[in-house]
Every structure is written in C-alpha cells, then in structure tokens.
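What follows is each chain in one-letter form.
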Amino acid sequence: MAFPKVSIDNVLRIFLALNQYPILSRRIRSRMRKELYSRGIITKESLDAETRKKGIESQVREGLHNPLEEEPADVWETRLMRIRDSLTDFYYAHNLPYEEFENLVRQLLSEHGSPESDFVWFNPELAPQEMLFEQAEMLESMPPEERKKYEARLKELKVALIRTLVSDQLKYIKIARKWFTVADLKEIRARKIGGGKIGGKAAGMLLAMRIIKETAPPEVAARFKLPVSFYLGSDVFYNFLTYNNLVHWNDQKYKTDEEMRADYPALKADFQKGEFPVEIVESLENVLQEAGDRPLIVRSSSLLEDNFGTSFAGKYESVFLPNQGSRDEKYYALTRAITAIYASVLNPDALMYRHLKELADYDERIGILIQFVEGERTGRYYFPHAAGVAFSRNLYRWSPQIRQEDGFVRLVFGLGTRAVDMVGDDYPRLVALSHPRLHSSSDVRAIKRYSQRKLDLIDIESNSFATIPVRDVFDADFPPLRFIAQVDEDGDLVPIRSRLADPAKMVVTFDGLLSRTSFAADMRAALKLLETHYKSPVDTEFALEITDLEGRPNALITLLQCRPQSHIQDGMETPIPGDLTEKDIIFSTQTMVPQGAVREIRYVLFVPSEGYFSLESQTERTLLERAIGQLNAALKDEVFIAVGPGRWGTSTPDLGVHVAYSDIYNARALVELAGESVGASPEPSFGTHFFQDLMEANIYPLGVFLDDENTIFKRDFFYDTPNRLGEFLTLDNPRVANALRLIAVSDYRPKHHLDLMMDASKSYAVAFLTGEEEEETESREDETMLSGLPPAKE
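All values derive from a computational prediction rather than experimental measurement.

Draft legend 1. Structural detail: the overall build of the chain. Across its full length, the chain carries 31 helices and 28 strands. By residue count, 57% of the 794 residues in the chain fall in the buried class. For the chain, restricting intrachain contacts to residue pairs at least 6 apart in sequence, the fraction spanning at least 24 positions comes to 75%. Carbon together with sulfur atoms contributes 50% to the accessible area of the chain, which is approximately 34400 Å² in total.

Shown next as structure tokens:
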C-alpha cells in the first residue's frame, strides 16, 4: 500500500508541534515509531542501525578521534536519543499525512493524566537522562492522589538521576532522594559542563540548602542562599587525561611514597600544559562571560569528597581568581586553576590519605565547582564581611555553661581561608552558639592577643589573592566596621561610636554582629535541622553579608559547603582516677579538653621548643618533617603520642610544627604546648582542615597552656629521659637531631606506661604513669570477681 508523500515542511511542523508538549513528546514519538514499524515503513533494527551510524558520523564531525571510547556513556546515549527522535520525525513526515500526526497528538492529550494508557516502562539505569527527566516530570506534575501509585517509580527515577548527575555515595543518595525535586535536578544539569557527576562538595552544598529551605522557619530560610555556581562534570577529568596524553600518570597511587613525591613536580608541570576539547572551552568561556569582572573561586568536588567518614578536607586545591584582565587572560587563569586541581588529585598527601582510608582502588574522578566569590569591593580590595566554618556539635568547651549540642563557629573577617587553614600567627573568633558573646578568655589582654590581625582578600588592582593587616581596611567609611571590631579604650573593649576612632586601637571581636543580628540564632537553627535530617552532626562553610545597616541589621548567610562532621569514634565517658599523686602525673591541662582516652602509651615523640626554633632554614624544617614521618611509620605497631610547641600542622612553621597528616597519622594524640615560653597560643585547631584529619583518624588534639598555674608539665620526663631516636633513624644534621626526641616511657620509670584521660565535662586532661604489674593484678582480680571465686593470695 502506497502512502502519500508530503512536503519536507511537515518535518518542521511536527518538530514545532512536539515542542509544545515537552512532557508528552517522549510518548508521542514512541507512538509514532510504533506506527512506522506496524506499517512496514522501517523496521526497528534498521532505525537503530541508522541511528548508530549517524551518531558516529556526528562524533567524527566534532573532532572525536576514537568516538566509541572518548565519549561518556550518558552523552552517547543522549546523542543517540536525539538522532533517533530526528529520524522518527523525518520518516513519519515523509510517509504519513500530517493529519494522522494531529490525530495521534489529540488522542494522547485526551489520555494525559492516565499513564497506564501508554506508560513507557524502561530500565532507568540504562536510559538516557532526557528520558528519565521527561517521565519524572510527568509523574511529578500529576495530581497528588493519582501520583500516589507512581511514587515508587518517581523515587526510582530520582535515584537514577542523582546517581548519574550528583553522587553515587549510598548514604548521600538515601537522604537526597527525599529532598531533591525534579526541578532541582534539572537546574543542576543546566549548570553542569561535560559528562559525569558534580561531586561531593557541590552535592553537599545543594542538599543542605534544599533541607534548610524546606524545614527552617520562613524568616530563617530567607537569610540563607547559595552562591552562583557551575559544575564541571567528573568525566571531564578522564577526558582531559586522554586528550593530553596524561593517562600514564594515573597509576601514581600504586607507587611508593618516595616515588610519588619524586614524580609530583613533573606531573604538575605536565598537567599545567594541558588543554581542553572545544566543547569544554566554549562552556568555560560562557561562564566567564556571565561572571564579567567578578572574582571566581575554583574548587575541587571529587566523588569521594565530603562523604561520611572521609571528608578529604584540604586534600585538593582550591584557587581564587581575581578574574581581571583581557578575555584571553581570564580564560588562561581559569583553565590553569582547573589543571592545578586536577594535578592535586594525584598529590602524595591525597594519595596517602586514600590508602589509609582503604580507598586507593576507588575510581576517584574529580568534579570542579566554579563559583562567584561572595563579597563586595572596598577600594582596591574585594572580600566578604565575614566567613568561616560552623559545626553542629561543639567538641571543645571553654566554659561549663557551653552546650555541646548547640554548635560552634570559627569566624574570620574577609575570605574564609583563615578559618580553615592552620595559620600560626593569627586567630579566628571562636563562637559557642549556645553563648555566642562568651569569649574563650575574660582577660581583655588575652582577647586582644588572640584576635585576628590579618585578612585574606582579593586585590582587584594587582589581580591577585593577598593577605594584608586588618587595619588597612579599617576605615570610617566602611559601614560594617562597627559589627566587626571594637576599640581598646584604656584596657576595655568598647563599641565603635565615632568616625574618628583610631584603627590602630581596633580589635576584631565580632561582638556587634553577635549582639545586634540574628546570625548566631539562625546558624544554630540551621545546624540543628541539618543534623536531624543528615542523622549525623554536620559541619559547614559559609560567607556572610551584614545587611540593612541603618535599619534592623541582619546577616545574610551564603552556604558554601556541608558535610558530615568528623568526630572521634571512641570518645566514651572515661573516669579519671581520683587517687592520682603529682609524682605520677607527666602533664595535665584544663584548656578546651576533648572527651576520650589513650591507654598504654609506650612512646612519646617530643619536639623541644628550644631545638625546633633553633632550626636555621626551611630545609632543616623539612628534614625534621621527614624524620617525624619516618618515626610515624616505624612506630605503626606501637601506641605513641606526639608533643610539640605551637600548632601541629600549621602553615606557618615559625609558630608550630609543620607536618602533614601523612607524617603523623599513627599517633594517638597530638599535644600542642602553648604559652610565652614557646610563643604559641592556647587557641585549638578545632575546625581546620588538619583537625578534620585528626578526628577521622581517631587522633586526639590537646592543648597544654604552660602559663596556666594549674598546668603540670614534668620537664625531667621530656628532657632528661634517654633519647631512643637513634634506634630508628640517623640524623646527620645536629640541629635537626636536637629538635626531635623519642622517649620510651619505661626508661623514665621501669615497667610503667602512660595513660591519657580526657574529661570534656570537667575540661580536664591528665597523662599519668601506670604500672604494668598493677594492671595485671587488677585484671586478675576482675576476672576472679566475675568467676565468683575469692582472689588468690600472692
């Protein structure tokens, strides 16, 4: 039977008609193909073969040299779906009257709302994203009563979309499927560049904002927002490796630590030369066009990042871009930032972290998060009014009245880098959200000494990231100033009341922000909601804008990140013996103590402040760092703690022991000595990226403030006990050798070890000597009591 031929204009008419019914278009084309097959116009096999042939031809036109391997599976499926639809329109228009198409559309419109009439069942795991979205939108748009019987199908479709677009981490998916709407997922896809997932950092940020918007009181939810964001999909990473012949670097994780460190400079150089395929170039140029001259931050968002138990905090690069200059200069800076982050996936510390977490064999593709930097321009500088990190659980209390469950904030003026990095010569404001105006010290001199003196910002004129003294931006014409700082007047800190106040006397305290806005209450409420729905404590990163300064001031919070809060797993209640004598105590402290215990400590790795601060160069400090790393490896089967001056892991080696997590991960506690004699503060590292690593590895951070009259620190134990260092390694440099001691506890008192007990409720920690024979006797007595027999006589 012959069918009338129609004008090619009908192809366009069909295409335009289908665009009027985006939700039904999938069902309409399915019916169209059934008609084509049933009337013998074309077979399914022939249509599939032609679709595949034209798909490969289109890939070749786009410059893919190995089309079947160079394109991600979801992109290939989307390509085939669009070509199949185009061929369907073509064959239908050329073989059937347009009136039949109209009748088909009218029939389906009359059936719309009754999916069982022509519901297309398919496997969501194999279907193209476009098909998933169309069916999910159709189901989500149904009246509530009718949608009930398809809730399971809708959930299945959303899970498939979350897994392909966002994250494949099961704990995350279990939470996200309850909150994300199809519209949310479409918005993610609209801002995604390339194939693959957007990664953990982006996933956590988006989920947290959805939970806050849905569950917080309207007035609280209105004070939270997200930054403008774009997502470079995780598949782009592997495409980048292939496109630039860099795949040979991907086996770094199976090399030794020494090989990784030796290779890394060459690896970084190779990555920095890399280029991107034309379609990625075009998308990145569109991002730059939308941003204009606004500063950007390029952040890692790996598939493993910000997950339950593995935060990867600080493991990969983040790069601030002032985003000034010509179009070509901006593009070069953006792509070099991306390649730097790609290289950081293979940096030795990140790879070692993956090994320790037993994740080395996981296919760690990395997404990239490109965001507009929050802030405003003040003169030549660009920065937010405040930024920081917030935790739903306060693990360190400096006063008994502080409630752990109300949370904690590390707050800084300017960009939030100074809140998450270990900066030895500067201090954030620590805020207990149960008592936000309560400082960690009541002594004004201590508040001044341990306040923020520098801020990180973007220097627009020099097109660079910069750190400057805070007083350089303390200006009477800076409106939020009175919310950020106070003035020292004759030993008292008072609000700024005059435009003539001397910047040299100003101190960053944030007392105005904490007393005159709802910031603390809003953050506390949001953290409680996130913890409830995550079913886990959480930590977040944020930026802050103080608004309506002349009316009713308030704080607008931009949420930058959210992840499960790292915490020590075995921080059980541990009673401290009440009969301790001072001769048995090696050290004690009452400064921001965590909860937990380390028992049977056999060795103490000790860095004397005198030796450490006598090191004459960065080269010598690096030798010390490597020596500590070697001891860490050698003592992997022993229980040991590390004690040293200032902050462990600080980025300022002059004010603490600069080590990476990979150098110290076998230690059970890191004890930081603070005070005038060692030039360091009692302010803990709580909230920094290094702190997250310690929490995940069950390593207790503990500060010992030597200037406190209640502190005990037994110098003869640390300085006079024989040094066992030579049994494990040889140090040729005498200054480095004098900066490191390894103390065997039994050398100080034979047949004894140390127990370290920490009681957060009493803010008291003590390390004391315990005899081996005494413990064995107690153990035998305990066993005897359990058996019901009288103890044997000695």
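Draft legend 2. How the structure looks around unusual backbone geometry. Notably, lysine 535 is not glycine yet its phi reads approximately 55°, a positive angle. Taking the relative accessible area as the measure of exposure, lysine 535 reaches 68% and is therefore exposed. Phi is positive for glutamate 600, which is not a glycine, with a value near 55°. Inspection of the secondary structure assignment puts glutamate 600 in strand 20 (residues 596-601). Its relative accessible area of 37% is what places glutamate 600 among the partly exposed residues.

Draft legend 3. How the structure looks around the sheet that holds strand 16 (residues 506-508). Pairing in this open sheet of three strands is antiparallel, and the strands run 15-14-16 from one edge to the other. Of all the strands in the sheet, the pair left with one neighbour each is strand 15 (492-495) and strand 16. Across the sheet, the mean angle separating the axes of adjacent strands is 45° when strand polarity is ignored. Sheet analysis places strand 14 (residues 485-489) next to strand 15, joined by four bridges and oriented antiparallel. Counterpart to valine 487 in the pairing with strand 15 is valine 494.

Draft legend 4. Summary view of a positive patch on the surface. Together, Lys155, Lys174, Lys178 and Lys535 line one region of the surface with positive charge. By the secondary structure assignment, lysine 535 is in the loop between helix 23 (519-534) and strand 17 (538-547).

Draft legend 5. The arrangement of the packing of aromatic side chains in detail. Going through the model one piece at a time under the given rule, you end up with 23 aromatic pairs. Ring centres of phenylalanine 717 and tyrosine 748 lie 5.1 Å apart, and the angle between their planes is 75°; this geometry places the pair in the edge-to-face category. Here phenylalanine 717, found in helix 28 (residues 715-720), pairs with tyrosine 748, found in helix 30 (residues 745-748); they are 31 residues apart in sequence, far enough to count as distant. Taking the relative accessible area as the measure of exposure, phenylalanine 717 reaches 0% and is therefore buried. What links up through ring pairs into an aromatic cluster is the set Phe237, Tyr238, Phe240, Phe271, Phe276 and Tyr342. One Lys or Arg, arginine 715, reaches over the ring of tyrosine 719 and ends 4.3 Å from the middle of that ring.

Draft legend 6. Fine view of the packing of helix 16 (residues 278-291) against helix 17 (residues 327-344). Here helix 16 crosses helix 17 at 115°, and the two axes come no closer than 10 Å. The pairing of helix 16 with helix 17 is recorded here as roughly perpendicular in orientation. Between helix 16 and helix 17 lies a crossing whose hand is right-handed. For the pair helix 16 and helix 17, the contacting residues are Val281, Leu284, Glu285 and Leu288 in the first and Arg327, Lys330, Tyr331, Leu334, Thr335 and Ile338 in the second. Partitioned by chemical class, the residues of the contact of helix 16 with helix 17 number six nonpolar, one polar and three charged.

Draft legend 7. Summary view of the pattern of salt bridges. Applying the stated criterion across every chain yields a total of 48 salt bridges. Here arginine 380 ties to aspartate 459 by a salt bridge, and the two come within 2.9 Å at their closest N and O atoms. Remark: aspartate 459 occurs in strand 12 (residues 454-459) and arginine 380 occurs in the loop between strand 7 (376-378) and strand 8 (381-383); sequence separation between them is 79 residues. Glutamate 461 serves as the salt-bridge partner of arginine 380, at 3.8 Å between the closest nitrogen and oxygen. Of this pair, arginine 380 sits in the loop between strand 7 and strand 8 while glutamate 461 is found in the loop between strand 12 and strand 13 (464-469), placing the two residues 81 residues apart along the sequence. What you see here is one network of salt bridges that share partners, running through Arg29, Arg33, Asp85 and Asp89.

Draft legend 8. Quick look at the sheet that holds strand 22 (residues 640-645). Reading across from one edge, 24-23-22-21-26 is the order of the five strands in this open sheet, with mixed pairing throughout. Two strands bound the open sheet, and with one partner strand each, they are strand 24 (700-705) and strand 26 (741-744). Here the strands of the sheet are splayed against their neighbours by 20° on average, with no regard to which way each runs. Here strand 22 pairs with strand 23 (residues 669-674) via four bridges, running parallel. In the strand pairing of strand 23, valine 643 is matched with valine 671.

Draft legend 9. Structural detail: the side chain of aspartate 759. Among the secondary structure elements, aspartate 759 is positioned in strand 27 (residues 752-759). Buried and unpaired, aspartate 759 has lysine 762 as its nearest opposite-charge partner, separated by 4.3 Å. Excluding residues that lie within four positions of it along the chain, aspartate 759 makes contacts with Ile576, Val593, Pro594, Gln595 and Tyr764.

Draft legend 10. Structural detail: the nonpolar core. Ranked by internal contacts, the top residues of the largest apolar core, which has 91 residues, are Phe413 and Phe519. If you tally residues by element for this core, the top one is helix 12 (residues 200-215), at nine residues. Membership of the second largest hydrophobic core comes to 39 residues, among which are Phe237, Ile341, Leu346 and Phe372.

Draft legend 11. Just the environment of alanine 221, in detail. Note on placement: alanine 221 falls in helix 13 (residues 218-221). Expressed as a C-alpha distance, the spacing of alanine 221 and alanine 526, which sit 305 residues apart in the sequence, is 8.4 Å. The contact partners of alanine 221, leaving out residues within four places of it in the chain, are Ile212, Lys213 and Ala216.

Draft legend 12. Structural detail: the environment of alanine 387. Relative to the helices and strands, alanine 387 is located in strand 9 (residues 386-391). By relative accessible area, which is 2% here, alanine 387 ends up buried. Remark: the alpha-carbon pair of alanine 387 and leucine 415, spanning 28 residues in sequence, is separated by 5.9 Å. Here alanine 387 is in contact with Arg410, Leu411, Val412, Gly414, Leu415, Gly416, Phe542 and Ala543, once residues within four sequence places are set aside.

Draft legend 13. Looking closely at the pairing of strand 23. Summarising burial for strand 23: six of the six residues are buried, a large majority. With burial as the criterion, each face of strand 23 is covered, one bearing Ala669, Val671 and Leu673 and the other bearing Leu670, Glu672 and Ala674. Relative to strand 24, strand 23 runs parallel, the two being bridged by six bridges. When the bridges of strand 24 are listed, leucine 673 appears paired with valine 704.

Draft legend 14. Looking closely at helix 11 (residues 182-190). Here helix 11 has its buried residues at Val182, Asp184, Leu185 and Ile188. Along the axis of helix 11, the buried residues cluster in a sector spanning 160°; they form a single face. Seen from the open side of helix 11, the exposed residues pointing more than 90 degrees away from its buried face are Ala183 and Ala190. For helix 11, the elements touching its buried residues are helix 7 (129-140), helix 9 (151-165), helix 10 (170-179), strand 1 (192-193), helix 12 and strand 3 (229-232).

Draft legend 15. Highlighting the packing of helix 12 against helix 23. With their axes 10 Å apart at the nearest point, helix 12 and helix 23 run at an angle of 110° to one another. Between helix 12 and helix 23, the interaxial angle falls into the category roughly perpendicular. Between helix 12 and helix 23, the residues in contact are Gly204, Leu207, Ala208, Ile211, Ile212 and Thr215 and Ala526, Leu529, Leu530, His533 and Tyr534, respectively. Along the lines of polarity and charge, the residues of the contact of helix 12 with helix 23 split into eight nonpolar, three polar and no charged.

Procedures and definitions
Here, residues in each chain are numbered from 1, in the same order as that chain's written sequence. For this predicted model, a pLDDT threshold of at least 70 governs which residues receive local features, and a threshold of 80 or more governs which side-chain atom pairs are given and counted, while totals over whole chains, interfaces and linings are taken from all residues. For the side-chain quantities, the full set of heavy atoms in the structure was used; hydrogens and water were omitted. Helical segments are the DSSP runs of H or I of at least four residues, strand segments are the runs of E of at least two, and each set is numbered from the N terminus. Whether a residue is buried, partly exposed or exposed follows from its accessible area with a 1.4 Å probe, protein chains only, as a fraction of its type maximum: under 20%, in between, or over 50%, in that order. Contact definition: two residues touch when any of their heavy atoms are within 4.5 Å. Only the protein chains shown count as cover for residues, with accessible areas throughout obtained via the Shrake-Rupley method and a probe of 1.4 Å. Strands were regarded as paired on the criterion that DSSP finds at least two bridges between them. Lines fitted to C-alpha atoms define the axes, with helix axes restricted to the stretch in contact, and inter-axis angles between N-to-C directions lie between 0 and 180 degrees. Residues with no salt bridge and a relative accessible area higher than 30% make up the patches, which join like charges within 9 Å and nonpolar side chains (Val, Leu, Ile, Met, Phe, Trp, Tyr) within 5 Å. Just to be clear on terms, a salt bridge is a Lys or Arg side-chain nitrogen sitting within 4 Å of an Asp or Glu carboxyl oxygen. Just so you know, the count uses Lys and Arg for positive and Asp and Glu for negative, and it drops His and the chain ends. A single reference atom marks each charge: NZ on Lys, CZ on Arg, CG on Asp, CD on Glu. Aromatic pairs are defined between Phe, Tyr and Trp rings, using the six-membered ring for Trp, whenever the two ring centres lie within 6.5 Å; interplanar angles under 30 degrees are classed as stacked, those over 60 as edge-to-face, and all others as tilted. As a reminder, the over-ring test applies to NZ of lysine and CZ of arginine, requiring each to be within 6 Å of the ring centre and within 35 degrees of the ring normal. Every angle not falling under 35 degrees, over 145, or within 65 to 115 is termed oblique; those three ranges are roughly parallel, roughly antiparallel and roughly perpendicular. Here a crossing is called left-handed whenever its near helix is offset anticlockwise from the far helix by less than a right angle, and right-handed whenever the offset is clockwise. For this scheme, ten residues count as nonpolar: Ala, Val, Leu, Ile, Met, Phe, Trp, Tyr, Cys and Pro. Four count as charged, namely Asp, Glu, Lys and Arg, and the remainder, Gly too, count as polar. Nonpolar cores are built from buried Ala, Val, Leu, Ile, Met, Phe, Trp, Tyr and Cys residues. Side-chain atoms within 4.5 Å join them into one set. The directions from the helix axis to the C-beta atoms form the arc being described.

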